[in-house]
Structures are given as C-alpha cells and as structure tokens.
Amino acid sequence: MHPWGKWGRSFIGYGTAAAGAALADAGIDWPDVRSVVGAGTLRCGYPGHVAGAAFAQALGWQGARVTSVYAACASGAQAIDTARAQILAGIAEVVLVVGADSAPKGFFAPAGGDRPDDPDWLRFRLLGATNPAYFALYARRRMALHGDTTDDFARVKVKNAAAGALNPYARYRTAVSAGQVAASPVVADPLRLLDVCATSDGGAALVLSSMEYARRHGAGDPVRIRAVSTVTPVYPASGPGLPDIATDSAVAVDPPAPGFRESIARAAYEEAALGPEDLSLAEVYDLSTAMELQWYEDLGLCRPGEGAGLLRAGATALGGRIPVNTSGGLASFGEAVPAQAIAQVCELTWQLRGTAGARQVPGARAGMTANQGLFGHGSAVVAVR
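It should be emphasised that the depicted structure is a prediction, and the values quoted were computed from it without experimental measurement.

Participant: Explain the nonpolar core to me, please; I cannot follow it from the model alone.
Facilitator: Note that soluble globular proteins tend to have their nonpolar side chains buried in a common cluster. Counting 49 residues, the largest nonpolar core has Phe-135, Tyr-296, Leu-299, Leu-301 and Met-368 as its most contacted members. Only α6 (131-146), α7 (150-164), α10 (260-272), α11 (289-298), α12 (307-312), β10 (366-373) and β11 (377-384) provide two or more residues apiece to this core. Take this core: its biggest share by element is six residues, from α10. Beyond its immediate sequence surroundings of up to four residues, Leu-301 is in contact with Pro-276, Leu-279, Tyr-296, Leu-310, Arg-321, Ile-322 and Val-324. Val-37, Val-97, Ala-170 and Ala-343 belong to the second largest nonpolar core, which has 29 residues in total.

Spelled out as structure tokens, the structure:
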C-alpha cells in the first residue's frame, strides 16, 4: 500500500508505489507479470479511465495484457475478480492488481454539466442529497427501526480509531473518545464530522497467481482467495440505495429475501463453502458509523437489529469474538475509491499471514471484505489461510 492522506500528487504515483511494494513482497520482478488489472478513477482526467495501461506505462512497458475496471467503490473487488478469472482461465499465471486515487477536497460531488438521465446528478440537483445526507437518512432509519443511538455510532468511531492508530498506512492515527465524537460539528443530523469518512489519496496493490506459480516461487502456504461476490440487486428493491432516490414498487411483487446487501455476503459464503461462524475477522465499508452496524447484520455476524448490541459487547473490537475493521476502516483511512476494496484484502492478507503487528487477530484463518459501489455493484471477497 501507499499510505493514505492528502498528498496532492498524481494517483499514478501512489499506485506504482503500492505495485512496487507488492512485487517486492511477492519476490518477483515486474517483467514476470503477464497481466495488469487497474481499478479506475473518473476524477483524475483521461489516464484514470485507462488505469491498467497508466500503471503499466509508469512501471515500464513490458508487453503485459492490461484491463481497466470501474465500478465506483467496488472497483477494487471487480479488479480482483477479473484477475482471478484470468488466472482460472489459464490466460495468465500471475496478475498485478492496482488501485489508487487523488481525491478532491471535501465531499464527493457530481461532474459538471446537466445530465437529467443520471440518478447521481438528480439526487444532488433535485434533492441536494450529498453523500452525508444519505448516510444520515440511513442512520435515522436504524434509530427508528432498531433503537440505535448516537452513542452507538460514536462507539464505532472509537473502536476503529483505536485500530487505525496502530496502522502505519492509515491517514488518521490518533485514538478518539466518545466525547470528541459528540463535540465534533454536525454534518447531517444525527451524524457528526467524526461519524463520516473523509476523502483521501492513497493506493493499494496485490499480486495474484495460480497456486502452482506461488509454490514454484517459494510460497508453500499462501493466502488464498476463496470467493469473490459481485452480485447486483433483485427487483423490487425495497430500500433506496445511493444514488437512487426512490424504491421499486412492491405492490405486485414481494421484495426479495435476502435483501441486496445480505445477498452480497450470501453469494460469497456459498462460493467459499464457509459461513459467518467460520470468519476470524471482517473488513467492511464504513462510509459512516451507522453503516458499519448494518454490515454486521448483513454479513450474518448477528441477527437483524442486533448490530449495536454486538458492538456494545466488544465482539467487533480488537480482542473480540469477531473483530471488524482491524485496519481502522474508512474511519481511519478515508475514501480513495479505486483502492479501498483492494486495501481491505491487503489487511486480510496481513492478518492471515500473522504479520499485522499490534492489530493482529490471533490465529486468523478466514476473513471477509464487504463493500458496495454505486448502481448496484456488490462487492465481497473471502480470503483463507
């Protein structure tokens, strides 16, 4: 990884730094890589649209095939899925996956111009619904349905900040108290500044290979990708998902069970032949503190409505029964959109190798990531050792 922050440089620099570290970690040379899959960013000009080629050029042309993937916040997981498919199809034995971003200052906003057929543009222009406004509606929904409180949301930030303080790649490496969360400015009621993740620069990379290639290069017991889930919703969608501003009608057709986010995890569990009881840890997409609580339930770590109770019991903290966001999560990193799903798998890899230092989950054997991109891009990865 390249450390997260606000460095003011090109995303290509962050990505190539992460790629160089990944290649060194794998013990292979850049010319050995036969495919590069780049997770794209649409906010950095033309090279962002062709991220695979941008990274390959920066590392030095050597003839590898390239692929560029864009799926908003799920871009990294789809890049991993693409690389894995190439390996399983016999197209390449070793693939470099890279994602990086140079994020704009402040909250994400739509690109300029009038685009009335774009739901993301519509929610900004018609509703004024910035991302934090959407996160706040989600938080209010949990408060109404399950009795979650602002103190519960603050506990998520406190937990993740404690883990992030131990992570050298995190942007924010300072412990936070519940009082500090409560004293931070309101952004979108009930969420305060410390409840909402920042936008950041950063990069992450993975070297994926066939098992035979790994063993030939000295990795006798490597971390393995057991499943990748990139499912989409099923009609009718009974709850609005960013950037949609309405649900489908459920008058004639009953809403599906499970719901979209639950189906992301279910598909991954089915492919991996594992269940939530088999997980040692999870990395989830904490755009806001309230959203992390929802992921506990969607991943089956507890029953619906019991996410806050799981948190209060300390089960999801370092040292708990099922630690969540041992990296510090987006609360500690911020969003570097094309990199974040890859960064989640980096954290799983270090944990499963037993090299996560002060963040280490003892005896970690299986982990899951969970993420979600705009327009129904599901994202989950299961890794095992």
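Participant: What is the right way to look at the sheet that holds strand β4 (residues 94-101) in this model?
Facilitator: Taken together, the five strands give an open sheet; going across it, the order is β1-β7-β4-β2-β3, and neighbouring strands pair in mixed fashion. Taken across any chain shown, the strands that pair with only one partner, and hence form the sheet edges, are β1 (2-5) and β3 (65-69). Strand-to-strand twist across the sheet, computed as the mean angle between neighbouring axes with direction ignored, equals 20°. Pairing of β4 with strand β7 (residues 201-209), which is carried by eight bridges, proceeds in the antiparallel orientation.

Participant: I tried to follow the layout of surface pockets on my own but got confused; where do I start?
Facilitator: A probe as big as a water molecule, rolled over the atoms, marks out the empty space that is left. Taken as a whole, the second largest pocket spans an internal volume of roughly 990 Å³. Lining of the second largest pocket is provided by 35 residues; of these, Val-207, Leu-208, Ser-209, Pro-222 and Val-223 occupy positions nearest its centre. Among the elements of the structure, α1 (11-26), α4 (75-88), β7, α9 (211-216), β8 (224-229) and α14 (337-353) are those that each provide at least two residues to the lining of the second largest pocket. When grouped by side-chain class, the residues that make up the lining of the second largest pocket number 23 nonpolar, four polar and eight charged.

Participant: What is the right way to look at the UniProt feature "domain: Thiolase C-terminal" (unreviewed entry) in the protein in this model?
Facilitator: Within this structure's numbering, the places UniProt gives as "domain: Thiolase C-terminal" (unreviewed entry) are residues 263-381. The span residues 263-381 is 40% helix and 13% strand, and its two end C-alpha atoms sit 13 Å from each other.

Criteria and cut-off values
In every chain, residue numbers begin from 1 and rise along the written sequence. Restriction of local features to residues with pLDDT of at least 70 applies here, the model being predicted, together with a cutoff of 80 or more for giving and counting side-chain atom pairs; totals for whole chains, interfaces and linings are based on all residues. By convention in this description, side-chain values take in all heavy atoms of the structure and omit both hydrogens and water. Take the buried residues of types Ala, Val, Leu, Ile, Met, Phe, Trp, Tyr and Cys, join any two whose side-chain atoms come within 4.5 Å, and each joined set is a nonpolar core. Accessibility here uses a 1.4 Å probe with only protein chains present; expressed as a share of the type maximum, an area under 20% marks a residue as buried, one over 50% as exposed, and anything in between as partly exposed. In this text, helices come from DSSP runs of H or I with a minimum length of four residues, and strands from runs of E with a minimum of two, each type numbered from the N-terminal end. Throughout, a contact is declared for two residues whenever any of their heavy atoms are within 4.5 Å. Criterion used throughout: strands pair if DSSP finds at least two bridges between them. Throughout, an axis means a line fitted to C-alpha atoms (over the contacting stretch in the case of helices), and angles, computed between N-to-C directions, take values from 0 to 180 degrees. Each cavity reported here is a set of points on a 1 Å grid over the protein atoms alone in which a 1.4 Å probe fits but cannot get out, each pocket an open set with protein on both sides within 12 Å along at least five of seven lines, and each lining residue one with an atom within 4 Å of a point. Grid points are joined across faces, edges and corners, and a volume is the space filled by probe spheres set on the points. Each residue receives one of three labels: charged for Asp, Glu, Lys and Arg, nonpolar for Ala, Val, Leu, Ile, Met, Phe, Trp, Tyr, Cys and Pro, and polar for the others, Gly being one of them. UniProt positions are given in the numbering used here, feature names are shortened, and annotations may be inferred rather than shown by experiment.

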